[in-house]
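# Overview (structure and organization)
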Amino acid sequence: MPDKPRTWDQFAIKAELHRRGMTLTKLAEINKLNPGTFRAVWKRPNEKVERAIARFLKVPVELLFPGRYPKRSNTILSREYAAESTGEKTTKDAA
């Protein structure tokens with residue numbers, strides 16, 4: 001039976017950092033970012049912090065923070081009308 005993929009949550013991420021001799025504060029200092037921002041990453045998404053943690057752990061950011069990645073944008077307008085909202089000409093207008 002294949003191994004089940006590892007589930008990463010706040011506690012697993014922090015535990016792995018500590019196993020490797022790293023803390024969020026040290027990681028913030030290395031990346032020249034505010035330590036408070038690193039501590040708040042569990043409640044407030046921050047792409048720089050998330051990517052710094054992922055780089056250190058050598059784990060894709062999508063696996064560490066699956067609910068936040070991949071980034072999605074909700075489009076209200078269909079593609080047909082999106083060009084009109086930006087002022088671009090559509091093939092329908094060009095004719």
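Right, let's walk through the structure included here.

Quick notes on the rules
- Residues numbered from 1 in each chain as written.
- Predicted model: local features only at pLDDT ≥ 70, side-chain atom pairs only at ≥ 80, totals over all residues.
- Heavy atoms only, no water.
- Helix = DSSP H or I, 4+ residues; strand = E, 2+ residues; numbered from the N terminus.
- Buried < 20%, exposed > 50% of the residue type's maximum accessible area, 1.4 Å probe, protein only.
- Areas by Shrake-Rupley, 256 points an atom, 1.4 Å probe, with all protein chains shown as cover.
- Core = buried A, V, L, I, M, F, W, Y, C linked by side-chain atoms within 4.5 Å.
- Arc of directions from axis to C-beta.
- Contact = heavy atoms within 4.5 Å.

### Side note on the overall build of the protein
Secondary structure assignment for the protein yields 7 helices and 0 strands. Starting at the N terminus and ending at the C terminus, the protein contains elements arranged as α-α-α-α-α-α-α. The proportion of buried residues among the 95 residues of the protein is 27%. When the accessible surface of the protein is summed, it comes to about 7500 Å², and 53% of that surface belongs to carbon and sulfur atoms.

### Quick notes on the nonpolar core
Core analysis: the largest hydrophobic core is formed by 21 residues, its most contacted members being Ile13, Phe38, Ile53, Leu57, Leu64 and Phe65. Secondary structure elements with two or more residues in this core: helix H1 (10-19), helix H2 (24-30), helix H4 (47-57) and helix H5 (61-64).

### Here we look at H1
Taken residue by residue, H1 has Ala12, Ile13, Glu16 and Leu17 as its buried positions. For H1, the angular spread of the buried residues around the axis is 135°, confining them to a single face. Opposite the buried face of H1, by more than 90 degrees, sit the exposed residues Phe11 and Arg19. At its buried positions, H1 is contacted by H2, H4 and H5. In the segment just after H1, Gly21 is the residue with positive phi, at about 75°.

### Structural notes on unusual backbone geometry
In this structure, Lys32 takes a positive phi of about 55° despite not being glycine. One non-glycine residue, Lys58, lies in the positive phi region at around 60°. By the element assignment, Lys58 lies in the loop between H4 and H5. Classification of Lys58 by relative accessible area gives exposed; the value is 74%.

Note that every value here comes from positions in space, so none of it alone points to a role or purpose.
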